[in-house]
Amino acid sequence: GDSVTQMEGPVTLSEEAFLTINCTYTATGYPSLFWYVQYPGEGLQLLLKATKADDKGSNKGFEATYRKETTSFHLEKGSVQVSDSAVYFCALSVTDSWGKLQFGAGTQVVVTP
Amino acid sequence: ETGVTQSPTHLIKTRGQQVTLRCSSQSGHNTVSWYQQALGQGPQFIFQYYREEENGRGNFPPRFSGLQFPNYSSELNVNALELDDSALYLCASSLGGAASSSPLHFGNGTRLTVT
């Protein structure tokens, strides 16, 4: 079945450091890919998405490129801030059931001043 | 634009009881999905409702049931609660149709504790 694997956390960084969170997926067909962010005590917020191979999603300084050849959708940010501390979830839309998302386990990111 | 709202925010129930969680979808959205998020895990898909009909279900037993109303709000009902049902329950709304890339907009969730 469809699945998402993302790197385990917590990832601890200093402010202004470079952030990468690895995400790989297994899917039949051509899923859309998403990154969601969950701040403490809140629900999930869509951070960015990509709907086809080689698409790059970007938002708030974060970027991720849909790589079909490596089945990956790694999240990157060049210079993190303390306010980026959150849990980040990679997800794909299950191709045989539109609207259903398969999430990874999440990666906690802690940014220190 | 009103976002997704869920009620209650917190709930404590005893094993064997029944619970109803509520969700109001974002304005203009006709699809509601429910997810269960256990502590330290990613959300797991429970089911989705589109135009008042169940439109896909995850690997959850029949004691998890739902409803969607004409105004697109929704309820999640869980019967015969078990300790493992303790989790954050997330509701998400979206625009329905064939576009699987339509992003989900999540509420802040209901934290259910079963003792």
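Residues numbered from 1 in each chain as written. Chains lettered and ligands numbered in written order. Predicted model: local features only at pLDDT ≥ 70, side-chain atom pairs only at ≥ 80, totals over all residues. Heavy atoms only, no water.

A word on the interface of chain A and chain B
Often the size quoted for an interface is simply the accessible area lost on bringing the parts together.
Line of reasoning, step 1. In this complex, chain A contributes 20 residues to the contact, which on the side of chain B involves 24 residues.
Line of reasoning, step 2. For the pair chain A and chain B, the interface holds zero salt bridges.
Line of reasoning, step 3. Between the two partners, chain A and chain B, sit four residue pairs in polar contact (both at pLDDT 80 or more).
Line of reasoning, step 4. Elements supplying a minimum of two residues to the side of chain A that touches chain B: strand S5 (33–38), strand S6 (44–50), strand S10 (86–93) and strand S11 (101–103) of chain A.
Line of reasoning, step 5. Of the residues belonging to the side of chain A that touches chain B, the class tally is nine nonpolar, eight polar and three charged. (Contact = heavy atoms within 4.5 Å. Salt bridge = Lys/Arg side-chain N within 4 Å of Asp/Glu carboxyl O. Polar contact = N/O pair within 3.5 Å; in protein donor to acceptor, adjacent residues only side chain to side chain. Helix = DSSP H or I, 4+ residues; strand = E, 2+ residues; numbered from the N terminus. Nonpolar A, V, L, I, M, F, W, Y, C, P; charged D, E, K, R; others polar.)

Quick notes on the pattern of salt bridges
Residues and elements named next belong to chain B.
Line of reasoning, step 1. A full pass over the atoms with the stated rule returns seven salt bridges over all chains.
Line of reasoning, step 2. The partner of Glu54 in a salt bridge is Arg57, with the nearest N and O atoms 3.3 Å apart.
Line of reasoning, step 3. Judged by its relative accessible area of 38%, Glu54 falls in the partly exposed class.
Line of reasoning, step 4. Linking Arg63 and Asp85 is a salt bridge whose minimum nitrogen-to-oxygen distance equals 2.8 Å. With Arg63 in the loop between strand S6 (53–57) and strand S7 (64–68) and Asp85 in the loop between strand S8 (74–78) and strand S9 (87–94), this pair connects stretches of sequence that are 22 residues apart. The pair Arg63 / Asp85 is uniform in exposure class, with both members buried. (Buried < 20%, exposed > 50% of the residue type's maximum accessible area, 1.4 Å probe, protein only.)

Description of the sheet that holds strand S3 (residues 19–24) of chain B
All names here are of chain B.
Line of reasoning, step 1. The strand order S1-S3-S8-S7 describes an open sheet built from four strands, whose pairing is antiparallel. The outermost strands of the open sheet, each flanked by one partner alone, are strand S1 (5–7) and S7. Averaged over all pairs of adjacent strands, the angle between strand axes in this sheet comes to 20°, irrespective of strand direction.
Line of reasoning, step 2. Pairing geometry for S3 and S8, over five bridges, is antiparallel. Across the sheet, Cys23 pairs through a bridge with Ser74, a residue of S8. (Pairing = 2+ DSSP bridges. Axes fitted to C-alpha atoms, helices over the stretch in contact; angles between N-to-C directions.)

Brief notes about the state of the cysteines
Line of reasoning, step 1. In this structure the tally under the stated criterion is two disulfides over all chains.
Line of reasoning, step 2. Each sulfur of the disulfide joining Cys23 of chain A and Cys90 of chain A lies 1.9 Å from the other. Handedness here is read from the sign of the S-S torsion; for Cys23 of chain A and Cys90 of chain A, about -70°, the answer is left-handed. Of the two residues, Cys23 of chain A sits in strand S4 (residues 23–26) while Cys90 of chain A sits in strand S10, which places them 67 residues apart along the sequence.
Line of reasoning, step 3. Cys23 of chain A sits in the buried class, given a relative accessible area of 1%.
Line of reasoning, step 4. The disulfide bridge from Cys23 of chain B ends at Cys91 of chain B, spanning 1.8 Å between sulfur atoms. One quick way to see it: the torsion about the S-S bond of Cys23 of chain B and Cys91 of chain B is about -65°, and its sign makes the bridge left-handed. A residue pair is termed long-range when its members are at least 10 positions apart, and Cys23 of chain B in strand S3 and Cys91 of chain B in strand S9 qualify at 68 residues. Each member of the pair Cys23 of chain B and Cys91 of chain B is classed as buried. (Disulfide = S-S within 2.5 Å.)

Re the sheet that holds strand S9 (residues 75–77) of chain A
Residues and elements named next belong to chain A.
Line of reasoning, step 1. On the basis of which strands lie adjacent, the open sheet formed by four strands has the order S3-S9-S8-S7 and antiparallel pairing. Each edge of the open sheet carries a strand with a single partner, namely strand S3 (19–21) and strand S7 (56–59). Each adjacent strand pair in this sheet contributes to an overall mean axis angle of 15°, direction not counted.

Quick notes on the packing of aromatic side chains
Line of reasoning, step 1. The final tally for this structure, using the stated rule, is twelve aromatic pairs over all chains.
Line of reasoning, step 2. Here the aromatic rings of Phe60 of chain B and Phe64 of chain B are separated by 5.1 Å at their centres, their planes lie at 65°, and the arrangement is edge-to-face. Each member of the pair, Phe60 of chain B together with Phe64 of chain B, is buried.
Line of reasoning, step 3. Feature note: the residues Phe34, Tyr36, Phe89 and Phe103 of chain A together with Tyr35, Phe45 and Phe106 of chain B constitute an aromatic cluster, connected by ring pairs. (Phe/Tyr/Trp six-rings, centres within 6.5 Å; stacked < 30°, edge-to-face > 60°.)

Details of the pairing of strand S8 (residues 62–65) of chain A
Residue and element names in this part refer to chain A.
Line of reasoning, step 1. The pairing of S7 with S8 spans four bridges and is antiparallel. In the strand pairing of S8, Gly57 is matched with Ala64.
Line of reasoning, step 2. Count of turn residues in the S7/S8 antiparallel hairpin: two residues, of which Lys60 carries a positive phi of about 55°.
Line of reasoning, step 3. As paired strands, S8 and S9 are joined by three bridges and run antiparallel to one another. What sits directly across from Phe62, in S9, is Lys77.

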